[in-house]
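# Working through the structure, step by step
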Amino acid sequence: MSEYVYADNAATTRLSDAAFEAMKPYFTEYFGNPSSLYKLGAASQRAVDKAREDIAGCINAPRPTDVYFVSGGSEADNWAIKGAAELGLKKGKKHIISSRFEHHAVLHTLEYLEKHGYEVTLLEVHEDGLVRPEELEAAIREDTALVTIMFANNEIGTIQPIKELAEIAHKHGVLFHTDAVQAVGTVEIDVQELGVDMLSMSGHKFHGPKGVGALYIKKGIRLPSLIHGGAQERGMRAGTENIAGVVGMAAALKEAVENIPERNARLTKMRDRLIDGLSVIDRSRVNGDRVHRLPGNVNMCFEGIEGESLLLMLDLKGISASSGSACTSGSLDPSHVLLALGLPHEIAHGSLRLTFSDENTEEDIDRILSVLPPIVERLRSMSPLWEKIVNNSKD
């Protein structure tokens, strides 16, 4: 049995061997600037073009040029949302619809736009962590410029009915964007079948490098530039391309999509075994729908304990996990995702997220099941809150 279990793949994944090998020549041998006219620069440009073609193929984009390279998921979300807002403004539309449990890259961008005169409607996600299509339909107005709903939640892993939501948006002439950072490389994605106008992804979520991502933009949508400067990315996103990064991301994504059905069948079995094993703990609960969720996501709450203490004790046992998004791990506030599900603060504080990749094993599940319940029991034995919960249940 392994002495170390990495169970925080939603935060980041290990760089795959294939990605690492693909990247190495572009650090030392083919280091030219793609904008240069000489052979060294041309070699770098060919590498970028090939990476763009490969990534477009992995998501079934109609054209490689529909894929634009950026620094990661946050930039992709910012560009899509701010760009669509600017396009809407030209038509007198200043209303945007999203959901209450989006990643902060989306929510904080929307807060920024609200300060600049836009109106935002955040849809409820209910106890199961799912957006209701009929509620989206009811929220759309004549001045709605954009609907942005994440494909899969980064904390509880619930998968939204993106195709149906996009169809509703388009029926009313509204652009549709999805933050698919947690989904790309994990589940099968066909942008043409889904009908989305824009889709965000980030390389380090599927065993690619950090600091590189992409935004799919459907043909015919001309977003304003988010970063101004040179003519890179066909004049849409300035800045010298991260050659090694895009090459590594493409190599990782190609590898990730090769065996999605087989890998997900194994991960789903592991996920469900872990959920079943942890659900026997008194006053535990699974957060989000158990069926419509990512295959490698387990998110649970244990009443009477603090998530931070749980993480520290797991770390001492050689298990890396999180209590929510890595972007908010330094915050003492309960997860906004769990609060959006309707959980009270005292329960949301005791959350645990365990996320797995194809590199995890059944032995990892065994180890978590052997280590976690005693930790919960120990923390509760020291908790005045747990004592109060037990005493109240006796009354």
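Please refer to the structure placed before this passage.
Throughout this document, residue positions are counted from 1 along each chain, in the order its sequence is written. Local features are withheld for residues below a pLDDT of 70 in this predicted model, meaning they are given only at 70 or higher, and side-chain atom pairs are given and counted only at 80 or more; totals for whole chains, interfaces and linings count all residues. Here the side-chain values reflect all heavy atoms present in the structure, with hydrogen atoms and water set aside.

### Here's the deal with the overall build of the protein chain
- In this text, helices come from DSSP runs of H or I with a minimum length of four residues, and strands from runs of E with a minimum of two, each type numbered from the N-terminal end. Within the protein chain, the secondary structure is distributed over 15 helices and twelve strands.
- Here the globule rule is a power law, 2.2 Å times the number of residues to the power 0.38, and the radius of gyration is based on C-alpha atoms. The C-alpha atoms of the protein chain give 22 Å as radius of gyration, which agrees with the globular expectation for 395 residues (21 Å, within 12%).
- Seen along its three principal axes, the alpha-carbon backbone of the protein chain occupies a region of about 75 × 50 × 35 Å.
- Only protein chains enter the accessibility calculation, which uses a 1.4 Å probe; a residue is then buried when its area is under 20% of its type maximum, exposed when over 50%, and partly exposed in between. For the protein chain, with 395 residues in total, the buried portion stands at 56%.
- Contacts between residues were defined by any pair of non-hydrogen atoms, one from each residue, lying within 4.5 Å. Restricting the contact set of the protein chain to residue pairs at least 6 apart, pairs at least 24 apart contribute 73%.
- Carbon and sulfur atoms make up 52% of the accessible area of the protein chain, which totals about 16,900 Å².
- Residues scored as positive are Lys and Arg, those scored as negative are Asp and Glu, and His as well as the terminal groups of each chain are ignored. Charge coordinates come from a single atom per side chain, which is NZ of Lys, CZ of Arg, CG of Asp or CD of Glu. Distance from the positive charge centre (42 side chains) to the negative charge centre (56 side chains) of the protein chain: 4 Å. Residue-level accessible areas treat just the shown protein chains as cover; the underlying method is Shrake-Rupley with a 1.4 Å probe.

### Regarding the sheet that holds strand β7 (residues 198-202)
- DSSP bridges decide pairing: two strands pair if at least two such bridges lie between them. Taken in spatial order, the seven strands line up as β2-β8-β7-β6-β5-β3-β4 in an open sheet, and their pairing is mixed. If you trace the sheet from one side to the other, it starts and ends with β2 (67-70) and β4 (119-123), each paired once. Here the average twist between neighbouring strands, direction ignored, is 20°.
- Pairing geometry for β7 and strand β8 (residues 213-217), over five bridges, is antiparallel. Among the inter-strand pairings, Leu 199 is bridged to a residue of β8, identified as Tyr 216.
- In the packing of helix α4 (residues 73-90) onto the sheet, the strands contacted are β2, β3 (95-99), β5 (144-148), β6 (175-179), β7 and β8, and the crossing angle to β7 comes to about 160°. Here an angle of 0 to 180 degrees is reported between the N-to-C directions of two axes, which are lines fitted to C-alpha atoms, with helices fitted over the stretch in contact.

### Observations regarding helix α11 (residues 307-316)
- Those residues of α11 lying buried are Gly 307, Leu 310, Leu 311, Met 313 and Leu 314. Along the axis of α11, the buried residues cluster in a sector spanning 170°; they form a single face. Along α11, the residues that are exposed and aim more than 90 degrees away from the buried face are Leu 312 and Leu 316.
- Phi for Gly 318, located one or two positions after α11, is positive at around 85°. The arc refers to the directions leading from the helix axis to the C-beta atoms.

### Comments concerning the packing of aromatic side chains
- Aromatic pairs are defined between Phe, Tyr and Trp rings, using the six-membered ring for Trp, whenever the two ring centres lie within 6.5 Å; interplanar angles under 30 degrees are classed as stacked, those over 60 as edge-to-face, and all others as tilted. Under the counting rule described, the total for this entry stands at two aromatic pairs.
- Between Tyr 26 and Tyr 30 the ring centres are 5.6 Å apart and the planes differ by 40°, which places this aromatic pair in the tilted class.
- Relative accessible area serves as the criterion here: at 32%, Tyr 30 is assigned to the partly exposed category.
- For the ring pair Tyr 68 and Trp 79, a centre distance of 5.7 Å and an interplane angle of 80° mean the geometry is edge-to-face. Of this pair, Tyr 68 sits in strand β2 while Trp 79 sits in helix α4, and the two are eleven residues apart along the sequence.

### Some remarks on the pairing of β3
- Where burial is concerned, most of β3 is hidden: five out of the five residues are buried.
- What you see with β3 is no split at all: His 95, Ile 97 and Ser 99 on one side and Ile 96 and Ser 98 on the other are buried throughout.
- Where β3 lies against β4, five bridges are found, and the strand directions are parallel. Bridged to Ile 96 within β4 is Val 120.
- With helix α5 (residues 104-114) bridging β3 and its parallel neighbour β4, the resulting β-α-β unit is right-handed.
- As paired elements, β3 and β5 share three bridges and run parallel to each other. When the bridges of β5 are listed, Ile 96 appears paired with Leu 146. By convention, a crossover is right-handed whenever its connection, traced from the first strand over the helix to the second and viewed with the strands pointing away, goes clockwise.

### Quick notes on unusual backbone geometry
- Although it is not a glycine, Arg 234 sits at a positive phi angle of roughly 55°.
- For Arg 234, the location among the structural elements is in the loop between β8 and α9 (243-257).
- If you check the backbone angles, Arg 283 has positive phi at about 55° while not being a glycine.
- Note that Arg 283 resides in the loop between α10 (260-278) and β9 (284-286).

### Comments concerning the nonpolar core
- The biggest cluster of nonpolar side chains holds 63 residues, and the ones touching the most others in it are Phe 69, Phe 151, Phe 176, Ile 189 and Leu 199.
- Top contributing element to this core by residue count: α9, with eight residues.
- Core analysis: the second largest hydrophobic core is formed by 29 residues, Ala 321, Ile 365, Val 371 and Val 376 among them. Here, the term nonpolar core denotes a set of buried Ala, Val, Leu, Ile, Met, Phe, Trp, Tyr and Cys residues that are joined through side-chain atoms within 4.5 Å.

### Side note on the packing of α11 against helix α14 (residues 362-381)
- Two numbers describe how α11 lies on α14: the axes approach to 10 Å, and their chain directions differ by 135°. Overall, the two elements α11 and α14 adopt an arrangement that is oblique. The element α11 and its partner α14 pack so that their crossing is right-handed. In contact with Ser 309, Leu 310, Met 313 and Leu 314 of α11, α14 contributes Val 371, Leu 372, Ile 375, Val 376, Arg 378 and Leu 379.
- Looking at the contact of α11 with α14 residue by residue, the class counts come to eight nonpolar, one polar and one charged. In these notes the angle categories are as follows: under 35 degrees is roughly parallel, over 145 is roughly antiparallel, 65 to 115 is roughly perpendicular, and the rest is oblique. Note on convention: near helix rotated counterclockwise from far helix by under a right angle means a left-handed crossing. Clockwise means right-handed. Residue polarity follows a fixed list, in which Ala, Val, Leu, Ile, Met, Phe, Trp, Tyr, Cys and Pro are nonpolar, Asp, Glu, Lys and Arg are charged, and the others, Gly among them, are polar.

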